[in-house]
Amino acid sequence: MEVIVGSVERMWAIALNTFREAVRNKVLAILVLFAVALMAFSLVLGQLSLHEEIRIIKDLGLAGISIFGVIIALFLGVNLLSKELDRKTVYAIIPKPLHRWEFLLGKYLGMVVTMTALVALMSLVLMAFLAVQGGRHGVTMVRAEILIWLELLLLMAVAMLFSSFSSPWLSAMMAAGLWVIGRNSAELEAFAGSPKLEDSFGGDLLGFILEVVPDFRMFYVSGANFDEAVVSVHESFVSWGYVASAGAYCLAYAAFAWRWRSSPSPRDFT
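Residues numbered from 1 in each chain as written. Predicted model: local features only at pLDDT ≥ 70, side-chain atom pairs only at ≥ 80, totals over all residues. Heavy atoms only, no water.

### Things to note about the overall build of the chain
Secondary structure assignment for the chain yields ten helices and two strands. Across the chain, helices and strands are ordered from the amino to the carboxyl terminus as α-α-α-α-α-α-α-α-α-β-β-α. Scored against the burial criterion, the 270 residues of the chain give a buried share of 45%. Here the analysis covers contacts within the chain between residues at least 6 apart in sequence; of these, 78% occur between residues at least 24 apart. Looking at the chain as shown, the accessible area adds up to about 13900 Å², and 69% of this sits on carbon and sulfur atoms. (Helix = DSSP H or I, 4+ residues; strand = E, 2+ residues; numbered from the N terminus. Buried < 20%, exposed > 50% of the residue type's maximum accessible area, 1.4 Å probe, protein only. Contact = heavy atoms within 4.5 Å. Areas by Shrake-Rupley, 256 points an atom, 1.4 Å probe, with all protein chains shown as cover.)

Below is the structure:
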């Protein structure tokens, strides 16, 4: 029991240090301000619409959280770990009792805390804008925001994985590329099964890639219907059970990325 408690304490110390380092970064503050500005702009667009003010605020608000959240996730995932490795500060941070996996998991937990705080902050701002227009946040918005949050946690894990063996810029491009592929998995799957690629090497290769890359599309709320108790994902109205299954998928894939990342690599510390 003492071993488990000690391990948790060490990981939590790394997580808190990561959180403090992240929130002091001015880039994150600027990105959050851009997201808030997009939400504020939705008020202007709402005034130009015909009785669609609330819907526009919700749609643009979620889009702002998603778009700028992706940028923040890439920034956190590729910078916070690679900075420790490139500057060799990891040697001063890690005492002998701290294991490699404890350090990596602690860094990721710190990123999770940071992203959770940022998504919660942007969601509160969106709630305030809705209140100004007489709208209601409701459980459907909470579901949509949780799905966005899960997507960002998974993207951070993927970006952190790439940062273990590549430069920050290249890691960001590779992680962003996987995000684009995952967001468009349905279209790419249909293309792989088209007559031009069916039963061909290119079609089989594309199908294999789609099986391996994370399915970010399952977190993407599109065609949302913000009534009392439903939220739409690709025209299928989902429940809390769907949100739970998406969370399990995020946890499983993030664990796979972390397990791969915890294996020794040329850039790792010893």
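### A closer look at the UniProt feature "transmembrane region" (unreviewed entry) in the chain
Here, UniProt's "transmembrane region" (unreviewed entry) annotation points to residues 27–48, 60–81, 108–132, 144–165 and 237–258. From the first C-alpha to the last, residues 108–132 spans 36 Å; its make-up is 100% helix and 0% strand. Across residues 144–165, the secondary structure splits into 91% helix and 0% strand, with the terminal C-alpha atoms separated by 33 Å. (UniProt positions renumbered as here; feature names shortened; annotations may be inferred.)

### Notes on the side chain of Thr114
You can see Thr114 is positioned in helix H5 (residues 100–132). Accessibility expressed as a relative area gives 1% for Thr114, which makes it buried. Setting aside its immediate chain neighbours within four residues, Thr114 contacts Phe19, Ala22, Leu28 and Leu76.

### Quick word on the packing of H5 against helix H6 (residues 138–163)
Angle between the axes and distance between the axes are the two parameters that describe a pair of packed helices. Running from N to C, H5 and H6 cross one another at 150°; their axes reach a closest spacing of 10 Å. What the angle tells us is that H5 and H6 run roughly antiparallel. By crossing handedness, the relation of H5 to H6 is classed as right-handed. Residues Leu104, Lys107, Tyr108, Met111, Val112, Met115, Thr116, Val119, Ser123, Leu126 and Leu130 of H5 form the contact with H6, whose own contacting residues are Met141, Glu145, Trp149, Leu152, Leu153, Leu154, Met156, Ala157 and Met160. (Axes fitted to C-alpha atoms, helices over the stretch in contact; angles between N-to-C directions. Parallel < 35°, antiparallel > 145°, perpendicular 65-115°, else oblique. Left-handed = near helix turned anticlockwise from the far one by under 90°.)

### Some points on the pattern of salt bridges
It is possible for side chains of opposite charge to pair when their charged atoms get near one another. Summed over the entire model, instances satisfying the criterion amount to three salt bridges. In this structure, the salt-bridge partner of Arg55 is Asp59, at a minimum N-O distance of 3.0 Å. Of this pair, Arg55 and Asp59 both sit in helix H3 (residues 53–86), four residues apart, which is roughly one turn of the helix. The class for Asp59 is partly exposed, based on a relative accessible area of 30%. (Salt bridge = Lys/Arg side-chain N within 4 Å of Asp/Glu carboxyl O.)

### Things to note about the environment of Val213
Mapped onto the elements of the fold, Val213 is located in the loop between helix H9 (201–212) and strand E1 (231–233). Classification of Val213 as buried rests on a relative accessible area of 9%. C-alpha separation for the pair Val213 and Gly182, spaced 31 residues apart in sequence, amounts to 6.5 Å. Every residue in contact with Val213, bar those within four places of it in the chain, is listed here: Leu178, Ile181, Tyr249 and Tyr253.

### A few points about the packing of aromatic side chains
Going through the model one piece at a time under the given rule, you end up with four aromatic pairs. Considering the side-chain rings of Phe34 and Phe68, the 6.1 Å spacing of their centres and the 5° angle between planes classify their relative orientation as stacked. Pair noted here: Phe34 is in helix H2 (residues 26–48) and Phe68 is in helix H3, with a separation of 34 residues, a long-range link. On the basis of relative accessible area, Phe68 is assigned to the buried category, the value being 14%. Taking 6.3 Å as the distance between ring centres and 50° as the angle between the ring planes, the aromatic pair formed by Phe219 and Tyr249 counts as tilted. With Phe219 in the loop between H9 and E1 and Tyr249 in helix H10 (residues 240–261), the pair connects residues that are 30 residues apart, well separated along the chain. (Phe/Tyr/Trp six-rings, centres within 6.5 Å; stacked < 30°, edge-to-face > 60°.)

### Section: the nonpolar core
Met115 and Met156 are the most contacted members of the largest nonpolar core, which has 62 residues in total. Elements with a minimum of two residues in this core: helix H1 (2–23), H2, H3, H5, H6, helix H7 (168–183) and H10. Examining the composition of this core, we find that 16 residues originate from one element, H6, more than from any other. When sequence neighbours within four positions are dropped, the list of residues in contact with Met115 reads Gly69, Ile72, Ala73, Leu76, Trp149, Leu152, Leu153 and Met156. (Core = buried A, V, L, I, M, F, W, Y, C linked by side-chain atoms within 4.5 Å.)

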